[in-house]
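One letter stands for each residue in the lines below.
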Amino acid sequence: MRQQILVTGGAGYIGSHTCVELLAAGYDLVVVDNFSNSKPAVLDRVAAIAGRAMVWHEGDLRDRGLLQRLFDKHPFAGVLHCAGVKSISEAQQFPLKYYQHNLEASLTLLDVMARHNVRRLVFSSSATVYGEAARVPYREEAPVAPNTVYGRSKAMVEGILHDLVQADPSWRIAILRYFNPVGAHPSGLIGEDPSGAVNNLMPHLCQVAVGRQDELSIFGHDYPTPDGTGVRDYLHVCDMAEGHVKALQHTAGESGLLTLNLGMGRGHSVLEVIRAFEQACGQRIPSRFVARRQGDLASYYADPSRAADILGWRAKRDLLEMCADAWRWQSQNPNGY
């Protein structure tokens, strides 16, 4: 009998690619998503890729009644918690929204899980929980001292999970700290389709290449990096999705709390990414340098060795493949879903 897993935010960018891998690994899925930054059509495409459907419900995780009905109905073996809001700049403007959607929603979910004796969880966290004092490459034991509202909202949930395990060691929790997921499923059926302002490099590149934006803004060119532009750890979203499956499998047999970086383990500068994307799409990307953004670091990337040692997980796809898959998605879906 297949295990049934609840996936929160399963129609989102990370969630949808992870659903593909979970279905391929033999799990049955129930998805909850409020579609604030995604569309129901995503789940139809996930089913088309996987060759089988999943149950899904539109709803907000702060709706305790909805969660209670789902847990009463379904014998969940565990939860993959991907739901949340994630714009660093928006979070600085609307902190209450971010604490409500990232912290309050997580608290409600955890309480309903505990009441239904479901204590197996994979939590989507972020490399933004690391403080400015952390040295590259970032290791999991580096200081947790985020300097943004978004990072603090994630760090707060991490702290709650630590406290849960301290109070009740029967919880089985994996915290996955994401670096910079990019790319798309190689089918071109699902990919990143942000609503509102585009803040991340890869979707911005895609939208310029497809004609939805005139040029790419490069924030800062005087960083202490080899070419003066910011360096980040970019990871193919399908590699990241495979990491989720391995983390979920690990929690089936190990109690306690595990914190892991999901990253490639090396950085690429903005100019390196632009050159790789131009190679992938076969055209020049118009760009201009603008002022640095407040809070941006010169360089950060992961030490992913703990994930390799414990899960046997390593990133397999290189930067050119990330760019090629992102371009395939955008060129086949110029206006998104």
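Nothing here was measured: the structure is a model prediction, and the numbers come from that model.

A. Inspection of the overall build of the chain at higher detail. When helices and strands are counted, the chain shows 11 helices and 14 strands. Computed over its C-alpha atoms, the radius of gyration of the chain comes to 19 Å, within 12% of the 20 Å expected for a compact globule of 337 residues. For the chain, the C-alpha atoms occupy an extent of roughly 55 × 45 × 40 Å along the three principal directions. By residue count, 55% of the 337 residues in the chain fall in the buried class. Per element, the accessible surface of the chain, about 14100 Å² overall, is 48% carbon and sulfur. Averaging the coordinates of the 33 positive side-chain charges in the chain and doing the same for the 35 negative ones gives two points 2 Å apart.

B. Structural detail: the sheet that holds strand 6 (residues 172-178). Strands sit in the order 3-2-1-4-5-6-11 across an open sheet of seven strands; the sheet is parallel. The open sheet has two edge strands, strand 3 (55-58) and strand 11 (256-262), and neither has a second partner. Direction aside, the axes of adjacent strands within the sheet are offset by 15° on average. Where strand 2 (residues 28-33) and strand 3 come together, four bridges link them in parallel fashion. Paired with Val31 across the two strands is Trp56, which belongs to strand 3. On the sheet, helix 1 (residues 13-24) packs against strand 1 (4-8), strand 2, strand 4 (78-81) and strand 6 and is oriented at approximately 170° with respect to strand 2.

C. Seen up close, the environment of Glu140. Summarising the element assignment, Glu140 is placed in the loop between strand 5 (120-126) and helix 6 (149-167). Residue Glu140 is classed as buried on the basis of its relative accessible area, which comes to 9%. Considered as a pair, Glu140 and Asp111 are 29 residues apart in the sequence and their alpha carbons are 26 Å apart. Beyond its immediate stretch of four places on either side in the chain, Glu140 contacts Tyr130, Arg177, Thr259, Leu260, Asn261, Asp303 and Arg306. Here Asn261 takes part through its backbone nitrogen, which lies 2.8 Å from a polar atom of the side chain of Glu140.

D. Molecular detail of the nonpolar core. In this structure, Val7, Leu22, Leu29, Val46 and Met54 are the most contacted members of the largest nonpolar core, which totals 37 residues. For this core, the secondary-structure elements that each account for two or more residues are strand 1, helix 1, strand 2, helix 2 (41-50), strand 6, helix 8 (237-251), strand 11 and helix 10 (305-311). Look past the residues within four positions of Met54 in its chain and what remains in contact with it is Cys19, Leu23, Leu29, Val31, Leu43, Val46 and Ala47. One finds Leu6, Leu70, Phe71 and Leu103 within the second-largest nonpolar core, a separate group that totals 26 residues.

What counts, and at which threshold
All residue numbers refer to position in the chain's written sequence, counted from 1. This being a predicted model, a pLDDT of at least 70 is required before a residue's local features are given, and a value of 80 or more before pairs of side-chain atoms are given or counted; all residues contribute to the totals for chains, interfaces and linings. With hydrogens and water excluded, all non-hydrogen atoms of the structure serve as input to the side-chain values. Each helix corresponds to a stretch of at least 4 residues labelled H or I by DSSP, and each strand to a stretch of at least 2 residues labelled E; elements are numbered beginning at the N terminus. Two things to know: the radius of gyration comes from C-alpha atoms, and the globule rule equals 2.2 Å times the number of residues to the power 0.38. Buried residues are those whose accessible area, probed at 1.4 Å on protein chains only, stays under 20% of the maximum for their type, while exposed residues exceed 50% and partly exposed ones sit between those limits. Surface accessibility follows the Shrake-Rupley procedure with a 1.4 Å probe radius. Residue values consider only the protein chains on display as shielding. Only four residue types enter the charge count: Lys and Arg as positive, Asp and Glu as negative, with His and the chain ends excluded. Note on charges: their place is set at NZ of Lys, CZ of Arg, CG of Asp or CD of Glu. A strand pair is defined by DSSP finding two or more bridges across the two strands. Angular values range over 0 to 180 degrees, each being the angle between N-to-C directions of two axes fitted as lines to C-alpha atoms, with helices fitted over their stretch in contact. By definition, residues are in contact when any of their heavy atoms lie within 4.5 Å. We define a polar contact as two N or O atoms separated by no more than 3.5 Å, with the added condition that, inside protein, one atom must be a possible hydrogen donor and the other a possible acceptor, whereas residues neighbouring each other in sequence contribute only through side-chain atom pairs. Nonpolar cores are built from buried Ala, Val, Leu, Ile, Met, Phe, Trp, Tyr and Cys residues. Side-chain atoms within 4.5 Å join them into one set.

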